[in-house]
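Structural overview
Listed below, chain by chain, are the residues.
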Amino acid sequence: MLLEKLGWRVSACSGFEDALDVVKKNMDDIAIVVCDIRLNGIDGFSTVESLHQEGLQVPVLYITGFASSSEQRLKPNENLLVKPFNLQQLEAALLELQV
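The paragraphs below set out a description of the structure included in this document. Note that the structure is a prediction, hence the values are computed from the model and not measured.

Glancing now at the overall build of the protein chain. Along the backbone of the protein chain there are four helices and three strands. Secondary structure elements of the protein chain occur, N-terminal to C-terminal, as α-α-β-α-β-β-α. If you line up the protein chain on its principal axes, its C-alpha atoms span 30 × 30 × 25 Å. Taking all contacts inside the protein chain whose residues are at least 6 apart in sequence as the whole, residues at least 24 apart take part in 53%. Looking at the protein chain as shown, the accessible area adds up to about 6,300 Å², and 47% of this sits on carbon and sulfur atoms. In the protein chain, which carries 8 positive and 14 negative side-chain charges, the distance between the mean positions of the two groups comes to 4 Å.

This is the structure in structure tokens:
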């Protein structure tokens, strides 16, 4: 996983419910959320909004293959990375979020 190559400890989630569970159990250990915009059942923006409602207030890096209108939905402390991307582009997107 690219994040691990950059030295990050990663908790991969298989979906929305899994993400909520991970956040509830590890809230103090989470430094950033990396989330695909297109997910099964719920989109990435809705997922992150739910995580915020649980109290998680960390930077968010969205990943997408379809950048057209996604950038318009970004809030402060959020960034967007368009697929395909390489390790250097991922690192640059994280640095823009100052994490």
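So much for the structure itself; the text now carries on.
Aromatic ring pairs are described here by two measures, namely the spacing of the ring centres and the angle between the planes. Tallying each qualifying case throughout the model produces one aromatic pair. Taking 4.5 Å as the distance between ring centres and 45° as the angle between the ring planes, the aromatic pair formed by Phe45 and Tyr62 counts as tilted. Of the two residues, Phe45 is situated in helix H3 (residues 44–53) and Tyr62 in strand S2 (residues 60–64); the sequence distance between them amounts to 17 residues. Residue classification places Phe45 among the buried residues on the basis of a relative accessible area of 9%.

What counts as what
- Residues numbered from 1 in each chain as written.
- Predicted model: local features only at pLDDT ≥ 70, side-chain atom pairs only at ≥ 80, totals over all residues.
- Heavy atoms only, no water.
- Helix = DSSP H or I, 4+ residues; strand = E, 2+ residues; numbered from the N terminus.
- Contact = heavy atoms within 4.5 Å.
- Areas by Shrake-Rupley, 256 points an atom, 1.4 Å probe, with all protein chains shown as cover.
- Lys, Arg positive; Asp, Glu negative; His and termini not counted.
- Charge placed at Lys NZ, Arg CZ, Asp CG, Glu CD.
- Phe/Tyr/Trp six-rings, centres within 6.5 Å; stacked < 30°, edge-to-face > 60°.
- Buried < 20%, exposed > 50% of the residue type's maximum accessible area, 1.4 Å probe, protein only.

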